[in-house]
Amino acid sequence: MAIFDQADNPCIIWLISASALVKVAVFFLAWSALWLPLAIAIATRLKWHPPKPLAAQQKLPFLAVLYLIAPLIIWGATQIEDTSFPDYGWDWTTRILISLVGGLGVAILSLGISFTGQWLVGWVDWHGENWQQLTRIGLPICGIGLGIGLIEELVFRGFLLTELQEDYSLAIAAVISSLIFALLHLIWEQQQTLPQIPGLWLMGMVLVLARCVNGGSLGLAWGLHAGWIWGLTCLQEAKLISYTRKGPIWITGIADNPLAGISGILCLLGVAAFLWGISH
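The structure displayed is predicted, hence computed values, not measured ones.

**Student:** Quick one: what's the story with the overall build of the chain, residue by residue and with numbers?
**Tutor:** A tally of regular secondary structure across the chain gives 11 helices and two strands. Along the chain, from the amino end to the carboxyl end, the secondary structure elements read α-α-α-α-β-α-α-α-α-α-β-α-α. Taken against the 2.2 N^0.38 rule, which gives 19 Å for 280 residues, the C-alpha radius of gyration of the chain at 20 Å falls within 12% of a compact globule. Dimensions of the chain, computed from the C-alpha atoms along their principal axes, are close to 65 × 55 × 35 Å. Expressed as a percentage of its 280 residues, the buried residues of the chain come to 44%. Roughly 14,500 Å² of accessible area belongs to the chain as shown, and the carbon and sulfur atoms make up 71% of that amount.

So this is what it looks like as structure tokens:
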């Protein structure tokens, strides 16, 4: 039973009967309204003033607060619509944890195949002498990847996809939710993110496929998402690879971002083909 008295609240009644796109818009407005005052307080404390770029360490507090608020907004939605987190693909079960581990494995394997292929043709160099750095950064980065992956999957492949399916087919809902997922990445770094928009959109579509393959659970999508964040960040932070500049940037990725190149697209398509294969 929802805790809000729907019968006596015209705003609640209107929201329940609103279109899926209106509900999505209300969700992001509520998320922004709750986050903005906290973001201003953090910016003041850090003495950061836009449009000055944020350092990676400075960005973490903003992201942490933003992502901690999201489950509260979704919980509010479950109370208004008399639904539950399992309706959005999330529940604490052994199954979701098994799928998470499987997704992590597939993500790391896909990155390994992609960068090994680029190494074989001379486009990247491996720096094995830096492997020891993984013992220092591997676990913290894994934790960050799991946290970011969990919240983003709950929001985009969980809440948004499910809400949009009230008015649209799965295919259209997937396209819309993936487009929103890609475009919202522009909030942080426009110049670096813009070339990645097609790759981010495709990533969203692959993660929708992962949820479908996983019987509606977010476990597999969560694992893939977290694994890609974990693997790519470890490669960058530990300086395990470097680009030789012998390959075209439209293949290796603009500004060394795999999602801004054909290599990243092929990696995602390979995972999509694998998921499609195991589901048929």
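Text resumes after the structure shown.
**Student:** Break down the pattern of salt bridges for me, with residues and values.
**Tutor:** Per the counting criterion, the structure on display carries four salt bridges. A salt bridge links Glu 153 to Arg 157, with the shortest nitrogen-to-oxygen separation between them at 2.7 Å. A residue pair is termed a helical-turn pair when its members lie 3 or 4 positions apart in one helix, as Glu 153 and Arg 157 do in helix H5 (residues 134-164) at four residues. Here Glu 153 and Arg 157 have matching classes, each one buried. When the shortest N-O distance is used, the salt bridge between Arg 245 and Asp 256 registers 2.7 Å. Separated by 11 residues along the polypeptide, Arg 245 in the loop between strand S2 (241-243) and helix H10 (249-252) and Asp 256 in the loop between H10 and helix H11 (262-278) bring together distant segments of the chain. Asp 256 sits in the partly exposed class, given a relative accessible area of 25%.

**Student:** Now, about the environment of Phe 115: what can you tell me, with residues and values included?
**Tutor:** Here Phe 115 shows up in helix H4 (residues 94-120). For Phe 115, a relative accessible area of 3% corresponds to the buried category. When residues no more than four places from it in sequence are discounted, the contact partners of Phe 115 are Val 124, Trp 126, Leu 232, Leu 235, Ile 241, Tyr 243 and Pro 258.

**Student:** Give a detailed account of the domain arrangement of the chain, specifying residues and quantitative values.
**Tutor:** According to the domain assignment, the chain contains domain 1 (1-83) and domain 2 (86-278). Its C-alpha centre places domain 1 at a distance of 24 Å from the equivalent point of domain 2. Contacts between the two partners involve 22 residues from domain 1, matched on the other side by 20 residues from domain 2. Summed over both sides, the interface between domain 1 and domain 2 buries roughly 1,800 Å², with carbon and sulfur atoms accounting for 77% of that surface. Three residues stand out in domain 1 for area buried against domain 2, namely Ala 20, Tyr 67 and Ile 74, and they jointly supply 29% of the buried area on that side. Taken together, the connections running from domain 1 to domain 2 amount to one salt bridge. Where Glu 166 meets Lys 23, a salt bridge forms, and the shortest distance between an N and an O atom there is 3.1 Å. Counting the contacts that link domain 1 with domain 2 gives four residue pairs in polar contact (both at pLDDT 80 or more).

**Student:** Let's hear about the packing of H4 against helix H9 (residues 219-237): which residues, and what values?
**Tutor:** Running from amino to carboxyl end, H4 crosses H9 at an angle of 40°, the nearest separation of the two axes being 6 Å. One element, H4, and the other, H9, form an angle in the oblique class. The hand of the H4/H9 crossing is right-handed. Touching Ile 96, Ser 99, Leu 100, Gly 102, Gly 103, Leu 104, Val 106, Ala 107, Ile 108, Ser 110, Leu 111 and Phe 115 of H4 are Gly 219, Leu 220, Trp 222, Gly 223, Leu 224, Ala 226, Gly 227, Trp 228, Trp 230, Gly 231, Leu 232 and Leu 235, all from H9.

**Student:** Can you explain the UniProt feature "domain: CAAX prenyl protease 2/Lysostaphin resistance protein A-like" (unreviewed entry) in the chain? Please cite residues and give values.
**Tutor:** The residues that UniProt annotates with the feature "domain: CAAX prenyl protease 2/Lysostaphin resistance protein A-like" (unreviewed entry) are residues 143-228. With 79% helix and 0% strand, residues 143-228 has end C-alpha atoms that lie 13 Å from one another.

**Student:** For the UniProt feature "transmembrane region" (unreviewed entry) in the chain, give the residues involved together with the corresponding values.
**Tutor:** The UniProt record annotates "transmembrane region" (unreviewed entry) at residues 12-39, 60-77, 97-122, 134-156, 168-188, 200-222 and 259-278. Between the end C-alpha atoms of residues 168-188 the distance is 30 Å, and the span holds 71% helix and 0% strand. The span residues 259-278 is 85% helix and 0% strand, and its two end C-alpha atoms sit 24 Å from each other.

**Student:** Break down the nonpolar core for me, citing the residues and quoting the values.
**Tutor:** Ranked by internal contacts, the top residues of the largest apolar core, which has 71 residues, are Phe 27, Trp 31, Val 155, Leu 224 and Trp 228. Element by element, the count of residues in this core is highest for H5, at 11 residues.

**Student:** Just give me the short version of the side chain of Asn 257, but keep the residues and values in it.
**Tutor:** As for its position among the elements, Asn 257 is in the loop between H10 and H11. The exposure class assigned to Asn 257 is buried, which follows from its relative accessible area of 14%. Once residues lying within four places of it in the same chain are set aside, the contact partners of Asn 257 are Gln 192, Gln 196 and Thr 252.

Here is what the cut-offs are and how they apply
Residues numbered from 1 in each chain as written. Predicted model: local features only at pLDDT ≥ 70, side-chain atom pairs only at ≥ 80, totals over all residues. Heavy atoms only, no water. Helix = DSSP H or I, 4+ residues; strand = E, 2+ residues; numbered from the N terminus. Rg over C-alpha atoms; globule rule 2.2 N^0.38 Å. Buried < 20%, exposed > 50% of the residue type's maximum accessible area, 1.4 Å probe, protein only. Areas by Shrake-Rupley, 256 points an atom, 1.4 Å probe, with all protein chains shown as cover. Salt bridge = Lys/Arg side-chain N within 4 Å of Asp/Glu carboxyl O. Contact = heavy atoms within 4.5 Å. Domains from an automatic or database assignment. Buried area = accessible area lost by both parts, 1.4 Å probe. Polar contact = N/O pair within 3.5 Å; in protein donor to acceptor, adjacent residues only side chain to side chain. Axes fitted to C-alpha atoms, helices over the stretch in contact; angles between N-to-C directions. Parallel < 35°, antiparallel > 145°, perpendicular 65-115°, else oblique. Left-handed = near helix turned anticlockwise from the far one by under 90°. UniProt positions renumbered as here; feature names shortened; annotations may be inferred. Core = buried A, V, L, I, M, F, W, Y, C linked by side-chain atoms within 4.5 Å.

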